[in-house]
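The chain contents come next:
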Amino acid sequence: MLHETHWDDQFPHDPAICYLNHAAVAPWPKCAADAVTAFAQENITQGARDYPRWVRLEHLLRSQLQALMNAPGKDDIALVKNTSEALSFVAMGLDWQAGDEVLISDQEFPSNRIPWQALEPRGVIVRQVSLDGVNPEAALIAAMGPATRLLSISSVQYASGLRMDLPRLGRACREHNILFCVDAIQSLGAEPFDVQAIDCDFAMADGHKWLLGPEGLGVFYCRGEARDKLQLTQFGWHMVEAMGDYDREDWVPANSARRFEPGSPNTLAQHALSASLGLLLSIGATRIQEALQQRTAYLLQSLTAITGIQILSPTQATRRAGIVTFRVAGQDSERLHVLLMKAGVICAQRGGGIRWSPHFYTPQRVLDNALTILRTILAQPTDSNAG
Ligand SMILES: Cc1ncc(COP(=O)(O)O)c(C=O)c1O
């Protein structure tokens, strides 16, 4: 039996659906929906009359994100549109020389590959290191050379779910004088994440996966010392030090990471994300990780017992976060995915298999229903599966 607690009332899900897609887009908790409803009501009746309250909420959100990432200060946190934007700030902001090398892995989501490849016309070399071996960190460290300027890696790989040993990579980057950038979207909200312990220069994530927020509002952590290394690529009223002094002609970028926020913020999403983070922080990242580990362990154990299933994700607890990916011998994953979705198992087709991603609150009955549906589909002759 999985351990379940009071948080159920925050997730009044549709009983016809088994939601196992938090690694893609998560459902909102009730508190986020309530915050959006209240904000809509305020806008209908009052407009922006109480704008100072909106600004206070923005400050609260920065503090929540600072706490979640253990950033040294609120000034290290920028509110951005998404992970891709933050990665582009880093890629387009650094002063590259022809021959400089960027290391990434061969499993990265396009958001952590394309911004680096966009530098290739400037002579930057992007090396994709294979994570296939038993010691993927060692492979990345072995690839570090005199021309390597930056390592950019996902904390958890989006398709396989492989979880990286970030402190080890952070130490190696420091020793080799290499900048360290972490795409944290697949772990922030799913497990503790500590930019100081990892010793990274940059970390970024969007709110719509494990953070249970809406799309279009993400976080960009930029270490204080690394801030001035990034040439700015976006400009506007909101990113200057003397924000609000509209008559002033001279300007300098904000000292804080607000310099990466050119214009009006996404106040609607801020209300939702702040509510979701309030819930996550009240539960605590360690408890969330424990509950999620129980669920992924249960899925792994149950899936392994089904004939023909091959687990594509790591099975060691330290090597996984919230993603379990599998394929079935003799089954086309695309067709199996269509059948699962039709039957109400909301999941993704990734990395040549089916990706299931529960969250800490996912009830056992949802996991059991999804497993029953999978077994039923697999028990049918493959021809009728095609229908
Ligand atoms: C590892 C990883 N990075 C980035 C993204 C995309 O992020 P965004 O839409 O916030 O740019 C995803 C989405 O699936 C992802 O899995």
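Here's what I pulled together on the structure shown here.

What counts and what doesn't
Along each chain, numbering runs from 1 in the same order as the chain's sequence is written. With pLDDT at 70 or above as the cut-off, local features in this predicted model cover only qualifying residues; side-chain atom pairs require 80 or more to be listed or tallied, and sums for whole chains, interfaces and linings still use all residues. Values reported for side chains reflect all heavy atoms of the structure, with hydrogen atoms and water molecules removed beforehand. Here, proximity means that at least one heavy atom of the residue falls within 4 Å of the molecule or strand. Any pair of nitrogen or oxygen atoms within 3.5 Å is treated as a polar contact; in protein, a donor-acceptor pairing is required on top of that, and neighbouring residues in sequence qualify only through side-chain atoms on both sides. Each accessible area value is a Shrake-Rupley result obtained with a 1.4 Å probe; residue values ignore everything except the protein chains displayed when judging cover. Residues were grouped as follows: Ala, Val, Leu, Ile, Met, Phe, Trp, Tyr, Cys and Pro as nonpolar; Asp, Glu, Lys and Arg as charged; and all remaining residues, including Gly, as polar. Classification of residues uses two cut-offs on accessible area relative to the type maximum, computed with a 1.4 Å probe and protein chains only: under 20% is buried, over 50% is exposed, and between them is partly exposed. By definition, any uninterrupted DSSP run of H or I lasting at least four residues is a helix, any uninterrupted run of E lasting at least two residues is a strand, and each is numbered from the N terminus. Contacts are assigned to residue pairs that have any heavy atoms within 4.5 Å of one another. A cavity, in this analysis, means grid points on a 1 Å lattice covering only the protein atoms where a 1.4 Å probe fits yet has no way out; a pocket is instead an open set bounded by protein on both sides within 12 Å along at least five of seven lines, and a residue lines either one if it has an atom within 4 Å of a point. Grid points are joined across faces, edges and corners, and a volume is the space filled by probe spheres set on the points.

By nearness alone, every residue bordering the ligand is listed as Asn82, Thr83, Ser84, Phe109, Ser111, Ser154, Tyr158, Asp183, Ile185, Gln186, Asp206 and Lys209. Glutamine 186 places a polar side-chain atom, nitrogen or oxygen, 2.9 Å from an oxygen atom of the ligand. The separation between an oxygen atom of the ligand and a polar side-chain atom of lysine 209 is 2.6 Å. Out of a free accessible area of 400 Å², the ligand has 89% covered by protein chains. Of the residues belonging to the shell around the ligand, the class tally is three nonpolar, six polar and three charged.

Buried residues dominate helix H3 (residues 83-93), accounting for eight of its 11 residues. Thr83, Glu85, Ala86, Leu87, Phe89, Val90, Ala91 and Gly93 are the residues of H3 that are buried. Those residues of H3 that are buried are in contact with strand E2 (77-80), helix H4 (114-117), strand E5 (148-154), strand E6 (179-183), strand E7 (202-206) and strand E8 (218-222).

Attention now moves to empty space enclosed by the protein. Remark: the empty space left among the atoms is shown by a probe the size of a water molecule rolled over them. Enumeration according to the criterion identifies one cavity of 30 Å³ or more in this entry. In this structure, the largest cavity spans a volume of roughly 40 Å³. For the largest cavity, the full set of lining residues is Leu68, Gly189, Ala190, Glu191, Leu280, Leu281, Gly284, Ala285 and Ile288. Looking at the lining of the largest cavity, the elements with two or more residues in it are helix H9 (267-283) and helix H10 (285-304). By residue class, the composition of the lining of the largest cavity is six nonpolar, two polar and one charged.

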